[in-house]
Amino acid sequence: MQILSTSVEDYISKIPEERQEGFKKLFDVINNNLPNGFEEATNYGMLGWVVPLKTYPAGYHCTPGTPLPFINLASQKNFIALYHMGLYSRPELLDWFVAEYPKYSKRKLDMGKSCVRFKKTEDIPFELIAELSVKMTVEDWIEIYESQYKKK
């Protein structure tokens, strides 16, 4: 389910009312804890944070001319999804997150390669997401991206 929007407020207004408060809180937790240099974006029918072209002019190799995506949030049909490329690309960060998750949530971790799914907003471990958000800088992400994903 893609939500086309032009701003955070517009996106949130289009998701189910019972998710809006939790979604906004999750957005704010990430936004308030990310290291400097990432920028908010609306892309791929989601809200997110990117490395802007002014910082990384090469941009995203899959969609030339666009900023390098890092984290996205989406309201899907049955859950809120958090996509964090650091979890996908750094095994030690993923291991840390998986080990810490039970300390912050009674729910079983529902996760794909880079996607963490939250079926109920009251089950979102906001403190853990805040900790996750500070763990990778723009420079870290560019270095990982160039070494692992960018076509050479």
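The rules behind each value
- Residues numbered from 1 in each chain as written.
- Predicted model: local features only at pLDDT ≥ 70, side-chain atom pairs only at ≥ 80, totals over all residues.
- Heavy atoms only, no water.
- Helix = DSSP H or I, 4+ residues; strand = E, 2+ residues; numbered from the N terminus.
- Rg over C-alpha atoms; globule rule 2.2 N^0.38 Å.
- Contact = heavy atoms within 4.5 Å.
- Areas by Shrake-Rupley, 256 points an atom, 1.4 Å probe, with all protein chains shown as cover.
- Lys, Arg positive; Asp, Glu negative; His and termini not counted.
- Charge placed at Lys NZ, Arg CZ, Asp CG, Glu CD.
- Pairing = 2+ DSSP bridges.
- Axes fitted to C-alpha atoms, helices over the stretch in contact; angles between N-to-C directions.
- Core = buried A, V, L, I, M, F, W, Y, C linked by side-chain atoms within 4.5 Å.
- Buried < 20%, exposed > 50% of the residue type's maximum accessible area, 1.4 Å probe, protein only.
- Phe/Tyr/Trp six-rings, centres within 6.5 Å; stacked < 30°, edge-to-face > 60°.
- Expected span 1.5 Å × (residues − 1).
- pLDDT = per-residue confidence, 0-100.
- Parallel < 35°, antiparallel > 145°, perpendicular 65-115°, else oblique.
- Left-handed = near helix turned anticlockwise from the far one by under 90°.
- Nonpolar A, V, L, I, M, F, W, Y, C, P; charged D, E, K, R; others polar.

## A closer look at the overall build of the protein
Here's step 1: If you tally the helices and strands in the protein, you get six helices and five strands.
Here's step 2: Since a compact globule built from 152 residues should have a radius of gyration of about 15 Å, the 15 Å found for the protein is in line with a globular shape.
Here's step 3: Over its C-alpha atoms, taken along the principal directions, the protein stretches across nearly 40 × 35 × 25 Å.
Here's step 4: Long-range contacts, defined here as pairs at least 24 residues apart, represent 59% of the contacts in the protein between residues at least 6 apart.
Here's step 5: Surface summary for the protein: the accessible area is close to 8,200 Å², and the carbon and sulfur share equals 50%.
Here's step 6: One way to put it: in the protein the 19 positive side-chain charges average out to a point 7 Å from where the 20 negative ones average out.

## Some remarks on the sheet that holds strand β2 (residues 46-51)
Here's step 1: A sheet is described by the order of its strands in space; here five strands give the open sequence β1-β2-β3-β4-β5, paired in antiparallel fashion. The sheet is open, and its two borders are formed by β1 (39-43) and β5 (115-118), each paired with just one other strand. Mean inter-strand twist for the sheet, computed between neighbouring axes without regard to direction, equals 25 degrees.
Here's step 2: In the packing of helix α2 (residues 17-33) onto the sheet, the strands contacted are β1, β2, β3 (68-75), β4 (80-84) and β5, and the crossing angle to β3 comes to about 160 degrees.

## Focus: the nonpolar core
Here's step 1: By size, the foremost hydrophobic cluster in this structure holds 47 residues, and its most contacted members are Leu 26, Ile 30, Phe 97 and Trp 141.
Here's step 2: Apart from residues no more than four positions distant in its own chain, Phe 97 is found in contact with Leu 87, Leu 109, Met 111, Val 116, Leu 128, Ile 129 and Leu 132.

## Topic: the packing of aromatic side chains
Here's step 1: Tallied over the full model, the rule gives nine aromatic pairs.
Here's step 2: Here the aromatic rings of Tyr 11 and Phe 23 are separated by 5.5 Å at their centres, their planes lie at 25 degrees, and the arrangement is stacked. Placement of the pair is Tyr 11 in helix α1 (residues 8-13) and Phe 23 in helix α2, with a sequence separation of twelve residues.
Here's step 3: Using a relative accessible area of 0% as the deciding quantity, one classes Tyr 11 as buried.
Here's step 4: Classification of Phe 23 as buried rests on a relative accessible area of 0%.
Here's step 5: For the pair Phe 70 and Trp 141, a centre-to-centre distance of 5.6 Å together with 45 degrees between the ring planes defines the contact as tilted.

## Some words on α2
Here's step 1: With 17 residues, α2 should reach 24 Å at 1.5 Å per residue; the first-to-last C-alpha distance of 25 Å fits that figure.
Here's step 2: Among the residues of α2, those classed as buried are Arg 19, Gly 22, Phe 23, Leu 26, Phe 27, Val 29 and Ile 30.

## A few points about the confidence of the model for the protein
Here's step 1: Of the residues in the protein, 97% have a pLDDT of 70 or more, and the chain-wide mean is 92.
Here's step 2: Mean pLDDT across the elements of the protein ranges from a minimum in α1, with 88, to a maximum in helix α5 (residues 126-133), with 98.

## Looking at the environment of Val 51
Here's step 1: Looking at where Val 51 falls in the secondary structure, it is placed in strand β2.
Here's step 2: Measuring from C-alpha to C-alpha, the distance between Val 51 and Leu 68 comes to 5.0 Å, with 17 residues separating the pair along the chain.
Here's step 3: Residues contacting Val 51, with those up to four places away along its chain left out, are Phe 38, Tyr 56, Pro 67, Leu 68, Val 138, Trp 141 and Ile 142.

## Here we look at the packing of α2 against α5
For any two helices packed against each other, one specifies the crossing angle of their axes together with the interaxial distance.
Here's step 1: For the pair α2 and α5, the least separation of the axes is 8 Å and the interaxial angle reads 30 degrees. Classed by the angle they form, the pair α2 and α5 counts as roughly parallel. The crossing of α2 and α5 is right-handed. Contact residues: Gly 22, Lys 25, Leu 26, Val 29, Ile 30 and Asn 33 in α2; Phe 126, Ile 129, Ala 130 and Ser 133 in α5.
Here's step 2: Of the residues contributing to the contact of α2 with α5, the split by class is six nonpolar, three polar and one charged.

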